[in-house]
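Take a look at the letters that make up each chain.
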Amino acid sequence: MSRFLRNAAIFALAALLLFGCRMTPARQESPVSGVEFAMDTWVEQRWYGPGAQQAYDEIIARIRELEEMLSLYVEDSEISALNAAAGKEPVRVSEETFTLLSRAKEFSAESGGLFDVTIAPLTLVWGITDPEPHLPTQEQIDEAKALVDYRDLILDPEAQTAMLAREGMKVDLGGIAKGMAASLCAEIPVRCGCSGYLSIGGNMMVYGKLPGGEDVHVGLRDPRGDASDLIGELTMDGLTMATTGDYERYFELDGVRYHHVLDPFTGYPSESDLISVSVLSADGLLADCLSTSIFLQGSGCLERYFAREDCEVLAVTRDYQVYASPGFWERFVSIPGPSRYTFHRE
């Protein structure tokens, strides 16, 4: 896939979130809105109210600050320093980076290693987000897979340092950094006295109502449709939604879709029976991590997550079955008309 096609696909995801927000123009003041590229994805904002411009500017500045700290692809980021020192010495990091690494390791353990914060060697050997992705050899996959083990991320809370035990290991926070960014930005529209939404790739944060008093309605993408096709819409004031799907970033070779959600045990893109997972939570980092973890585990784990009180979950299977927790169904309305999907609301 060329750089243009890859970026166009990412832009379509961001644009979907705009098109999925139902508004009544006659009753709306002009918003402050825009789309910019940061954290290796498209960041879209739309804010209403007297502090809208301030909120917009503060949010994009905060996201770029976090990118400089956390990105695997920024040469002088704290994560790049940690990766460069793998097998050699501990690296002192900021409080925010240490907190994110600590929670990422906890999530990795909770998932039994299916979600693994040290997945970067596999991420890099696959290069699915590269301009010209390719199918790596089995030898390359095996070598990278051997370097993936969250238990070898050594954290010292007293010294506020992190270390990777073996040379060649690398951390990739791409699976949860965007959710963390959404949560960290959530206080900005509150302080600025505005309402609207922020989308960071597959993560969306909504605060407040539209000027006419209506809720912001967020569209949920049809994972097997075009970028503008929806399976439904929902309201989520004060929450962040993270979505992981096999349609977000991928390339196709000989009729096989190779997507970006890698299974650390096989070294290949996940072959679970799920094609899309959306998680709602007040904790954006939790939502981001769980959407990936559930996607990797497959539908057999859903009942366990449906019972949790700190999140709501919706999942779509390969055979077009849609399952969700009771709280998600309360917010969700499917699109009227014929659909390939069966919605299990019981």
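Higher on the page you've got the structure.
Conventions and cut-offs
- Residues numbered from 1 in each chain as written.
- Predicted model: local features only at pLDDT ≥ 70, side-chain atom pairs only at ≥ 80, totals over all residues.
- Heavy atoms only, no water.
- Phe/Tyr/Trp six-rings, centres within 6.5 Å; stacked < 30°, edge-to-face > 60°.
- Helix = DSSP H or I, 4+ residues; strand = E, 2+ residues; numbered from the N terminus.
- Buried < 20%, exposed > 50% of the residue type's maximum accessible area, 1.4 Å probe, protein only.
- Lys NZ or Arg CZ within 6 Å of the ring centre and 35° of its normal.
- Lys, Arg positive; Asp, Glu negative; His and termini not counted.
- Salt bridge = Lys/Arg side-chain N within 4 Å of Asp/Glu carboxyl O.
- Expected span 1.5 Å × (residues − 1).
- Polar contact = N/O pair within 3.5 Å; in protein donor to acceptor, adjacent residues only side chain to side chain.
- Contact = heavy atoms within 4.5 Å.

A look at the packing of aromatic side chains
Then step 1. For the structure on display, the rule yields eight aromatic pairs.
Then step 2. Ring centres of Trp329 and Phe343 lie 6.4 Å apart, and the angle between their planes is 75 degrees; this geometry places the pair in the edge-to-face category. Placement of the pair is Trp329 in helix H11 (residues 326-331) and Phe343 in strand E17 (residues 342-344), with a sequence separation of 14 residues.
Then step 3. Under the relative-accessibility criterion, Trp329 is labelled buried at 9%.
Then step 4. Taking relative accessible area as the criterion, Phe343 reaches 22% and is therefore assigned partly exposed.
Then step 5. Ring plane angle 35 degrees and centroid distance 6.0 Å describe the contact between Phe332 and Phe343, whose orientation is recorded as tilted. Of this pair, Phe332 sits in strand E16 (residues 332-334) while Phe343 sits in strand E17, placing them 11 residues apart in sequence.
Then step 6. Residue classification places Phe332 among the buried residues on the basis of a relative accessible area of 3%.
Then step 7. By the ring-pair criterion, three or more aromatic residues cluster together here, those being Phe328, Trp329, Phe332 and Phe343.
Then step 8. One Lys or Arg, Arg340, reaches over the ring of Tyr320 and ends 5.8 Å from the middle of that ring.

Quick notes on the side chain of Glu67
Then step 1. Following the sequence through the fold, Glu67 ends up in helix H2 (residues 52-70).
Then step 2. Of the side chains with opposite charge, Arg64 comes closest to the buried, unpaired Glu67, at an N-O distance of 4.5 Å.

Quick word on helix H9 (residues 284-297)
Then step 1. Its 14 residues place the ends of H9 20 Å apart at the C-alpha level, agreeing with the 20 Å of an ideal helix rising 1.5 Å per residue.
Then step 2. Counting buried positions along H9 yields 13 of 14 residues, so the element is predominantly enclosed.
Then step 3. Measuring from the side-chain oxygen of the N-cap residue of H9 to the backbone nitrogen of Leu285 gives 3.1 Å; that N-cap residue is Asp283.
Then step 4. With its phi angle positive at about 95 degrees, Gly298 sits one or two positions after the end of H9.

Comments concerning helix H4 (residues 95-110)
Then step 1. The end-to-end C-alpha distance of H4, which contains 16 residues, comes to 22 Å, matching closely the 22 Å that a straight helix rising 1.5 Å per residue would cover.
Then step 2. Those residues of H4 lying buried are Thr97, Phe98, Leu100, Leu101, Ser102, Ala104, Phe107 and Ser108.
Then step 3. Elements that come into contact with the buried residues of H4 comprise H2, helix H3 (78-84), strand E4 (153-156), strand E5 (161-164), helix H7 (177-185) and H9.
Then step 4. Immediately downstream of H4, the backbone of Gly112 shows phi near 70 degrees, a positive value.

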